[in-house]
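Single-letter residue listing:
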Number of protein chains: 2
Amino acid sequence: MTAYRKELDILLSMCASLHEKSTSPKLINKEQFPPIFTFEGLAGSGKSTQIKLVTEKLEQEYGKPAYLEVPNHSGVAKVLRTLYQDQKNYTKLQEEVPWLNPLFVMVDLYTKLQQITEEGYNYIFMSRGLFSTLYYNLEAFERAGNTPKEAWDEIYFLCTEFIRPKATIFLDIPIETALLRIEQRNRLPKRESDTEEGLQRSLKSFQMIFEQFSGEVPIHYVSGVGAEMDVTKRICNEIKPYLRGIK
Amino acid sequence: MTAYRKELDILLSMCASLHEKSTSPKLINKEQFPPIFTFEGLAGSGKSTQIKLVTEKLEQEYGKPAYLEVPNHSGVAKVLRTLYQDQKNYTKLQEEVPWLNPLFVMVDLYTKLQQITEEGYNYIFMSRGLFSTLYYNLEAFERAGNTPKEAWDEIYFLCTEFIRPKATIFLDIPIETALLRIEQRNRLPKRESDTEEGLQRSLKSFQMIFEQFSGEVPIHYVSGVGAEMDVTKRICNEIKPYLRGIK
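Residues numbered from 1 in each chain as written. Chains lettered and ligands numbered in written order. Predicted model: local features only at pLDDT ≥ 70, side-chain atom pairs only at ≥ 80, totals over all residues. Heavy atoms only, no water.

Asker: When you look at the overall build of chain A in this model, what are you seeing that I'm missing?
Answerer: From N to C terminus, chain A includes 10 helices and 5 strands. Over its C-alpha atoms chain A spans a radius of gyration of 19 Å, differing by no more than 12% from the 18 Å that the globule rule assigns to 247 residues. Along the three orthogonal principal directions, the C-alpha set of chain A runs to about 50 × 45 × 35 Å. Counting every position in chain A, which comprises 247 residues, the buried fraction comes to 55%. For chain A, long-range pairs separated by at least 24 residues make up 80% of all intrachain contacts whose partners lie at least 6 apart in sequence. In the form shown here, chain A has an accessible surface area of approximately 11700 Å², with 49% of it arising from carbon and sulfur atoms. On chain A, the mean spot of the 31 positive side-chain charges and the mean spot of the 33 negative ones are 4 Å from each other. (Helix = DSSP H or I, 4+ residues; strand = E, 2+ residues; numbered from the N terminus. Rg over C-alpha atoms; globule rule 2.2 N^0.38 Å. Buried < 20%, exposed > 50% of the residue type's maximum accessible area, 1.4 Å probe, protein only. Contact = heavy atoms within 4.5 Å. Areas by Shrake-Rupley, 256 points an atom, 1.4 Å probe, with all protein chains shown as cover. Lys, Arg positive; Asp, Glu negative; His and termini not counted. Charge placed at Lys NZ, Arg CZ, Asp CG, Glu CD.)

Asker: What exactly am I supposed to notice about the interface of chain B and chain A here?
Answerer: It is common to give the size of an interface as the accessible area lost on bringing the parts into contact. On the chain A side, the residues contacting the 44 residues of chain B number 44 residues. The three residues of chain B that bury the most area against chain A are Ile 10, Met 14 and Leu 18 of chain B, which together make up 15% of that side's buried surface. Here chain B and chain A share 4 salt bridges between them. For Glu 96 of chain B, the salt bridge goes to Lys 78 of chain A, with nearest N and O atoms at 2.6 Å. Linking chain B with chain A are 14 residue pairs in polar contact (both at pLDDT 80 or more). Elements that contribute at least two residues to the side of chain B that touches chain A include exactly helix H1 (3-21), helix H3 (75-84), helix H4 (87-96), helix H5 (100-118) and helix H7 (148-158) of chain B. In terms of residues, the side of chain B that touches chain A owes the most to one element, H1 of chain B, which gives 14 residues. The residue makeup of the side of chain B that touches chain A, split by class, is 24 nonpolar, 12 polar and 8 charged. (Buried area = accessible area lost by both parts, 1.4 Å probe. Salt bridge = Lys/Arg side-chain N within 4 Å of Asp/Glu carboxyl O. Polar contact = N/O pair within 3.5 Å; in protein donor to acceptor, adjacent residues only side chain to side chain. Nonpolar A, V, L, I, M, F, W, Y, C, P; charged D, E, K, R; others polar.)

Asker: What is the right way to read the environment of Ile 173 of chain A from this model?
Answerer: Residue and element names in this part refer to chain A. Along the chain, the position of Ile 173 falls in the loop between strand E4 (167-172) and helix H8 (175-185). Exposure remark for Ile 173: the relative accessible area of 4% places this residue in the buried category. Sequence-wise, Ile 173 and Gly 44 are 129 residues apart; in three dimensions their C-alpha atoms are separated by 8.6 Å.

Asker: I keep staring at the nonpolar core and nothing clicks. Help me out?
Answerer: Most often, soluble globular proteins have nonpolar side chains that are buried together. In terms of nonpolar packing, the biggest core is built from 126 residues, with Trp 99, Leu 103 and Phe 104 of chain A together with Trp 99, Leu 103 and Phe 104 of chain B touching the most fellow members. In contact with Trp 99 of chain B, other than residues within four places in its own chain, are Val 76 and Phe 104 of chain A together with Tyr 4, Leu 8, Leu 11, Phe 141 and Leu 158 of chain B. (Core = buried A, V, L, I, M, F, W, Y, C linked by side-chain atoms within 4.5 Å.)

Asker: How should I be thinking about the relation of the copies chain B and chain A in this particular structure?
Answerer: Relating the two copies of this chain is a rotation about some axis coupled with a shift parallel to it. The transformation that overlays chain B on chain A combines an axial shift of 0.0 Å with a rotation of 180°, and the residual RMSD is 0.0 Å. One copy is carried onto the other by what is essentially a two-fold rotation axis. For chain B, the minimum C-alpha distance to the rotation axis belongs to Ala 16 of chain B and amounts to 2.1 Å. Of the residues that chain B buries at the interface, 100% are likewise interface residues in chain A, meaning the two copies contact each other through the same surface. (Least-squares fit on C-alpha atoms with pLDDT ≥ 70 in both.)

Asker: Before we go on, may I ask you to explain the packing of helix H4 (residues 87-96) of chain A against helix H6 (residues 130-143) of chain A in this structure?
Answerer: When two helices pack together, their arrangement is given by the angle between their axes and by how far apart the axes lie. Residue and element names in this part refer to chain A. The N-to-C vectors of H4 and H6 enclose an angle of 65°; their axes lie 7 Å apart at closest approach. The angle between H4 and H6 places the two elements in the roughly perpendicular class. Handedness of the crossing formed by H4 with H6: right-handed. Residues Thr 91, Gln 94 and Glu 95 of H4 lie in contact with H6, whose contacting residues are Tyr 136, Asn 137, Ala 140 and Arg 143. Residue composition of the contact of H4 with H6, grouped by class: 2 nonpolar, 3 polar and 2 charged. (Axes fitted to C-alpha atoms, helices over the stretch in contact; angles between N-to-C directions. Parallel < 35°, antiparallel > 145°, perpendicular 65-115°, else oblique. Left-handed = near helix turned anticlockwise from the far one by under 90°.)

Asker: Even after reading the chapter, I still don't get the packing of aromatic side chains, so can you show me in this structure?
Answerer: The geometry of an aromatic ring pair is captured by two quantities: the separation of the ring centres and the angle between the planes. Throughout the structure, instances matching the rule amount to 42 aromatic pairs over all chains. Ring centres of Tyr 156 of chain B and Phe 213 of chain B lie 5.5 Å apart, and the angle between their planes is 45°; on these two criteria the pair is classed as tilted. Residue Tyr 156 of chain B is found in helix H7, and its partner Phe 213 of chain B is found in the loop between helix H9 (196-212) and strand E5 (219-223); the two are separated by 57 residues along the sequence. Ring pairs connect the aromatic residues Phe 131, Tyr 135, Tyr 136, Trp 152, Tyr 156, Phe 170, Phe 206, Phe 210, Phe 213 and Tyr 221 of chain A, which therefore count as one cluster. (Phe/Tyr/Trp six-rings, centres within 6.5 Å; stacked < 30°, edge-to-face > 60°.)

Asker: Would you take a moment to explain helix H10 (residues 228-243) of chain A for this structure?
Answerer: Residues and elements named next belong to chain A. Here H10 is 16 residues long and its end C-alpha atoms lie 22 Å apart, about the 22 Å a rise of 1.5 Å per residue gives. Approximately 30° is the largest bend angle found in H10, and it occurs at Asn 237, with the proline Pro 241 only one to four residues beyond. Along H10, the positions that sit buried rather than exposed are Val 231, Thr 232, Ile 235, Cys 236, Ile 239 and Leu 243. In this structure, the buried residues of H10 make contact with strand E1 (36-41), helix H2 (47-62), strand E3 (124-127), E4 and strand E5 (219-223). (Expected span 1.5 Å × (residues − 1). Bend = angle between axes of the 7 residues up to and from the residue.)

Asker: What am I meant to see in the packing of H3 of chain B against H5 of chain B here?
Answerer: All names here are of chain B. Between H3 and H5, the least distance of the axes is 8 Å, while the angle of their chain directions is 145°. Here the hand of the crossing between H3 and H5 comes out left-handed. On H5, the residues touching Val 76, Ala 77, Val 79, Leu 80, Leu 83 and Tyr 84 of H3 are Leu 100, Asn 101, Phe 104, Val 105, Val 107 and Asp 108.

Asker: In this structure, what is going on with the pattern of salt bridges? I would like to understand it.
Answerer: Oppositely charged side chains may form a pair once their charged atoms are brought near each other. All chains considered together, the criterion is met by 18 salt bridges over all chains. When the shortest N-O distance is used, the salt bridge between Arg 5 of chain A and Glu 154 of chain A registers 2.6 Å. Residue Arg 5 of chain A is located in helix H1 (residues 3-21), and its partner Glu 154 of chain A is located in helix H7 (residues 148-158); the two are separated by 149 residues in the primary sequence. Judged by its relative accessible area of 9%, Arg 5 of chain A is buried. With a closest N to O distance of 2.7 Å, Glu 216 of chain B and Arg 164 of chain B form a salt bridge.

Asker: Quick question: what am I supposed to make of the sheet that holds strand E1 (residues 36-41) of chain B here?
Answerer: Strand pairing in a sheet takes place through backbone hydrogen bonds and is either antiparallel or parallel in direction. Residue and element names in this part refer to chain B. Read across the open sheet, the 5 strands follow the order E2-E3-E1-E4-E5; overall the sheet is parallel. Two strands lie at the open edges of the sheet, namely strand E2 (66-69) and E5, each paired on one side alone. Going across the sheet, the axis of each strand differs from the next one's by a mean of 25°, ignoring polarity. For E1 and strand E4 (residues 167-172), the ladder comprises 5 bridges, and the chain directions are parallel. (Pairing = 2+ DSSP bridges.)

Have a look at this one:
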C-alpha cells in the first residue's frame with residue numbers, strides 16, 4: 001500500500017468517527033441539488049464564452065442558471081490556492097497527498113452547491129468539474145507510486161463522492177484551432193498543457209475518462225468551431241431536452 | 001453556524017461515505033498503540049533535554065521508548081509546513097479553516113503511531129501533543145467567529161479523535177527562568193509567545209486546558225528548575241508507576 005493511502009485511510013476513519021459523534025445534519029443528499037451541466041474542452045474551446053451566451057439564450061424560458069467554477073471562495077479553496085503558489089513545491093507535494101486536491105475540490109463544490117440551492121436556482125452551469133478534476137489529478141496518483149490502473153481506481157474511488165453532472169457538453173475543436181486561440185489569448189506564463197503535445201495528451205486523456213463514464217454521464221460532443229452564435233445554438237439543442245419541466 | 005463549520009461538516013460527511021465504501025481496514029483502534037507520555041511546558045522548560053535524559057535512565061529497565069513529535073514526516077505534515085511558510089497568510093487562513101491543523105496533526109500522529117507500533121516499541125515519549133494542539137489552535141477558533149466557550153467546544157469535539165496520553169509531565173518553571181533560558185538560546189525570529197506577557201498567557205491557557213481534562217488525563221507537575229539530573233529523577237519517579245508490567 002502506498003504511504004499516502006495509509007494517511008488517507010486514517011483521515012477517512014477519523015472523519016467517520018467525528019461524523020458519527022457530530023450533532024450536525026447527516027450525509028449529503030445529492031438529490032437535493034439542481035441539475036448541473038458541465039462544460040469541458042481544451043483550452044481555447046470557448047467554455048466561458050459559451051456558458052455566458054447559452055445562459056443569455058436560455059434564461060428567459062428556463063430562468064437564470066447558477067454559474068459555478070471550482071475551486072471557489074471557500075476556506076479549503078484558499079488552502080489549495082496557497083499551495084499552488086509555489087508550483088514546484090506543489091508538484092512534489094501532490095505525490096505525497098494526491099487525494100488532497102480532489103477531496104478539497106469536492107468540499108468546495110458542495111459548499112457552493114448548498115448556497116446555490118438556498119438561493120433558489122433551478123439549474124447550474126459549471127465550467128469544468130468532475131472530469132477536469134479526474135484529468136488534472138490522475139497523473140499525480142501515478143507519480144505517487146501507482147500503476148495507471150491503480151491510479152485510476154484510487155481517484156475514481158475518491159470521486160464517487162463527486163456529484164455527477166446531469167450532462168456534459170464537450171466543446172470539440174481541432175488542436176490547431178486550440179493552438180491558434182491560445183496564441184491570440186497570450187496568457188502568461190505559458191503552460192506545458194498549452195503546447196501541441198500537451199493538447200494532444202489532454203484530448204486523449206479526456207476520451208479515456210469519458211469512456212469510463214459512458215452509461216453514467218451523457219457526454220455531448222459539440223463542435224466549437226464556426227460562428228459563436230452557431231455554437232451556442234448547437235449547445236442549446238443538446239441541453240434543452242434536459243430542461244423540460246424545469247421552472 | 002460559522003462558514004468553516006459548514007465546510008467541515010461537508011468534509012466529515014464525505015469522508016464518512018468514502019470510509020464506508022472503502023475496502024481498507026476500518027476504524028482506528030486506539031487500544032492497539034503503546035502508552036504515550038507527553039511532555040508539555042513553556043519554551044525553555046527543558047522538554048527535549050529531559051526526554052533524552054529520561055530515555056537514557058529508563059531504557060535499560062523498560063526498553064527504549066519511541067520518540068514522537070508532531071507534525072512529523074507524513075504528507076499532511078508537509079502540507080502544514082508549506083502553509084506555515086507565509087505566517088501572515090497562514091494566520092488569515094486559520095480563521096477560514098481552523099479545523100485543518102488539528103485534523104492533519106491527528107492524521108500525522110496516527111500515521112507515526114502505526115509505524116511505531118509495527119516497530120515493536122513498548123511505550124512512547126512525545127514532546128507536546130494533545131494539549132499543545134489545543135493550546136495552539138484554540139485562538140484560531142475564536143478568531144473564526146466563535147465565543148470562547150464555542151471555540152473550546154469546537155476544538156474539543158475535533159480532538160475527541162486525538163489519542164489521550166497515559167499521563168502528561170508538565171515541566172514547571174517560573175516565567176523568569178523561561179525568559180532567561182529563551183534569551184540564552186537566542187532563537188530567531190523572536191516569537192510573540194516568548195515574551196513575558198506571552199509566557200504568562202501561555203501558562204494560564206495550559207492551566208485552563210488541564211482543568212478541562214482533569215479526570216481524563218493525569219497531569220504531573222514536575223519542577224523543571226535545579227540540576228538537570230534532579231529534574232530527570234523527579235520525572236522518572238512520576239513515570240515509573242505507569243511502566244510496571246511493561247516488558
